[in-house]
Amino acid sequence: MREVKCQDAEKVNVWAGIYKHSIIGPFFIDGNINEENYLDLLETDVYPALLEAAEGDDCIFMQNGAPAHFATPVRAWLDENFPRNMTKFVMFEIGRAHV
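Attention in this report is confined to the structure presented alongside it. As the structure is a computational prediction, the values presented were derived from the model and not from experiment.

1. A closer look at the overall build of the protein
Scanning the protein for helices and strands turns up three helices and four strands. Accessible surface, the protein as shown: approximately 7,500 Å² in total, 53% of it carbon and sulfur.

2. Re the packing of helix 1 (residues 35-54) against helix 3 (residues 72-81)
As a packed pair, helix 1 and helix 3 sit with axes 9 Å apart at the nearest point and diverge in direction by 25 degrees. Our classification of the angle between helix 1 and helix 3 gives roughly parallel. Mapping the contact onto sequence places Glu-35, Tyr-38, Leu-39, Leu-42, Glu-43 and Tyr-47 in helix 1 and Pro-73, Val-74, Trp-77, Leu-78 and Asn-81 in helix 3.

3. Re the packing of aromatic side chains
Counted under the stated rule, the structure contains two aromatic pairs. Residues Tyr-47 and Trp-77 carry aromatic rings whose centres are separated by 5.3 Å and whose planes lie at 80 degrees to one another, so their mutual orientation is edge-to-face. Of the two residues, Tyr-47 is situated in helix 1 and Trp-77 in helix 3; the sequence distance between them amounts to 30 residues. The exposure class assigned to Trp-77 is buried, which follows from its relative accessible area of 12%.

4. Overview of the nonpolar core
The biggest cluster of nonpolar side chains holds 20 residues, and the ones touching the most others in it are Trp-15, Tyr-38, Leu-42 and Phe-61. When residues of this core are traced back to their parent elements, those giving at least two are strand 1 (12-19), strand 2 (22-30), helix 1 and helix 3. Setting aside chain neighbours within four positions, we find Leu-42 in contact with Tyr-47, Pro-48, Phe-61, Val-74, Trp-77 and Leu-78.

5. Considering the environment of Ile-23
Position of Ile-23 relative to the elements: it lies in strand 2. We classify Ile-23 as exposed; its relative accessible area is 60%. Counting along the chain gives 26 residues from Ile-23 to Ala-49, while the straight-line C-alpha distance between them is 9.5 Å.

6. Here's the deal with the pairing of strand 2
Where strand 1 meets strand 2, seven bridges bridge the pair, whose relative direction is antiparallel. Among the inter-strand pairings, Asn-13 is bridged to a residue of strand 2, identified as Ile-29. Adjacent in sequence and paired antiparallel, strand 1 and strand 2 are bridged by two residues, among which Lys-20 carries a positive phi angle near 50 degrees.

Definitions and cut-offs
- Numbering of residues begins from 1 in every chain and follows the order in which that chain's sequence is written.
- Where local features are concerned, this predicted model is filtered to residues with pLDDT of at least 70; where side-chain atom pairs are given and counted, the filter is 80 or more; whole-chain, interface and lining totals use all residues.
- In computing side-chain values, all of the structure's heavy atoms are included and hydrogens and water are not.
- In this text, helices come from DSSP runs of H or I with a minimum length of four residues, and strands from runs of E with a minimum of two, each type numbered from the N-terminal end.
- Surface accessibility in these figures is a Shrake-Rupley result with a 1.4 Å probe; residues are shielded only by whichever protein chains are displayed.
- Note on method: axes are straight lines fitted to C-alpha atoms, helices fitted across the in-contact stretch only, with angles between N-to-C directions ranging 0 to 180 degrees.
- Note on terminology: angles under 35 degrees are roughly parallel, angles over 145 are roughly antiparallel, angles of 65 to 115 are roughly perpendicular, and the others are oblique.
- Contacts between residues were defined by any pair of non-hydrogen atoms, one from each residue, lying within 4.5 Å.
- For Phe, Tyr and Trp, rings pair up if their centres lie within 6.5 Å, where Trp contributes its six-membered ring, and each pair is then called stacked (planes under 30 degrees apart), edge-to-face (over 60) or tilted (otherwise).
- The cut-offs for exposure are 20% and 50% of the maximum accessible area for each residue type, with area from a 1.4 Å probe on protein chains only; residues under the lower value are buried, those over the upper are exposed, and the others partly exposed.
- Among the buried residues, those of types Ala, Val, Leu, Ile, Met, Phe, Trp, Tyr and Cys that are joined through side-chain atoms within 4.5 Å form a nonpolar core.
- DSSP bridges decide pairing: two strands pair if at least two such bridges lie between them.

Structure follows, in structure tokens:
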């Protein structure tokens, strides 16, 4: 049997959050994160789960400086859904895992 090597390692990205005493997620994206799949994750998974956990309370949405977080469509969506400067960017990386 011959070993087969891939050019790039397979990846899975995990998004999870904390709101007060609630864990939001985890949600998974196969492969690299880009503005399209990140925005889809926010719209379909993260935001509904956060609304449920927050029960109408205000919250601050924080994320790191990944390029997908700064994409124009993502920023526009965040500005619409987290008004009054409630979106914060922090420049740190919590961790990466390769499958």
